[in-house]
Amino acid sequence: MGKTIAASAFQAQCLRIINELREGGEPVTITNRGRPVAVLSPVQPEPEIRSIIGAMKGTVLAYDNPFAPAVESSAWDATR
């Protein structure tokens, strides 16, 4: 569930707690008079955005006749 610390202790040890959060990644709940008032958690890294251009490069290894149908016409029925 993470660590819990009183607001007064957090105020005195803020930088140390932030460094521990960066290293351990465990959220810290800050309390005031025993009641939770805030949760300090690490920032989630943004996902890498990749370009769609060239995403499929190298996936088709060989295709002998690109103008031939992919399947025989008897394998599908357009009237359904």
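Structure shown above.
Throughout what follows, the structure given in this document is the object of discussion. For clarity, every value in this text was computed on a predicted model and none was experimentally measured.

## Brief notes about the overall build of the protein chain
Here comes step 1: Along the protein chain, the regular secondary structure elements total one helix and three strands.
Here comes step 2: In the protein chain, the order of α-helices and β-strands from amino to carboxyl end is β-α-β-β.
Here comes step 3: For the protein chain, whose C-alpha radius of gyration is 29 Å, the value lies well above the compact-globule estimate of 12 Å for 80 residues.
Here comes step 4: With the C-alpha coordinates aligned to their principal axes, the bounding extent of the protein chain is approximately 75 × 35 × 15 Å.
Here comes step 5: Across the 80 residues of the protein chain, 10% fall into the buried class.
Here comes step 6: Carbon and sulfur atoms make up 57% of the accessible area of the protein chain, which amounts to about 7700 Å² in all.
Here comes step 7: Here the protein chain holds 8 positive side-chain charges and 8 negative ones, and the gap between their average locations is 17 Å.

## Focus: the pairing of strand β2 (residues 28-32)
Here comes step 1: In terms of burial, β2 is a largely internal element, four of the five residues being buried.
Here comes step 2: In this sheet, β2 lies alongside strand β1 (residues 3-6) in parallel orientation, the contact comprising four bridges. Note on β2: the bridge partner recorded for T4 is T29.
Here comes step 3: Crossover β1 to β2 through helix α1 (residues 7-24) is right-handed.
Here comes step 4: Where β2 and strand β3 (residues 35-40) come together, five bridges link them in antiparallel fashion. Looking at the pairing, V28 lines up with L40 of β3.
Here comes step 5: Connecting the antiparallel pair β2 and β3 is a turn made up of two residues, with R33 showing a positive phi of about 55°.

## Some words on the sheet that holds β2
Here comes step 1: Spatially, β1-β2-β3 is the arrangement adopted by the three strands of the open sheet, whose pairing is mixed. Two strands lie at the open edges of the sheet, namely β1 and β3, each paired on one side alone. Taken pair by pair, the neighbouring strands of this sheet meet at an average axis angle of 30°, ignoring direction.
Here comes step 2: Packed on one face of the sheet, α1 meets β1, β2 and β3 and runs near 145° to β1.

## Some points on unusual backbone geometry
Here comes step 1: Unusually for a residue other than glycine, R33 sits at a positive phi of about 55°.
Here comes step 2: With respect to the secondary-structure elements, R33 resides in the loop between β2 and β3.

Reading the values: the criteria
- Residues numbered from 1 in each chain as written.
- Predicted model: local features only at pLDDT ≥ 70, side-chain atom pairs only at ≥ 80, totals over all residues.
- Heavy atoms only, no water.
- Helix = DSSP H or I, 4+ residues; strand = E, 2+ residues; numbered from the N terminus.
- Rg over C-alpha atoms; globule rule 2.2 N^0.38 Å.
- Buried < 20%, exposed > 50% of the residue type's maximum accessible area, 1.4 Å probe, protein only.
- Areas by Shrake-Rupley, 256 points an atom, 1.4 Å probe, with all protein chains shown as cover.
- Lys, Arg positive; Asp, Glu negative; His and termini not counted.
- Charge placed at Lys NZ, Arg CZ, Asp CG, Glu CD.
- Pairing = 2+ DSSP bridges.
- Right-handed = clockwise from strand over helix to strand, strands pointing away.
- Axes fitted to C-alpha atoms, helices over the stretch in contact; angles between N-to-C directions.
- Contact = heavy atoms within 4.5 Å.

This is a description of form; function is not addressed.
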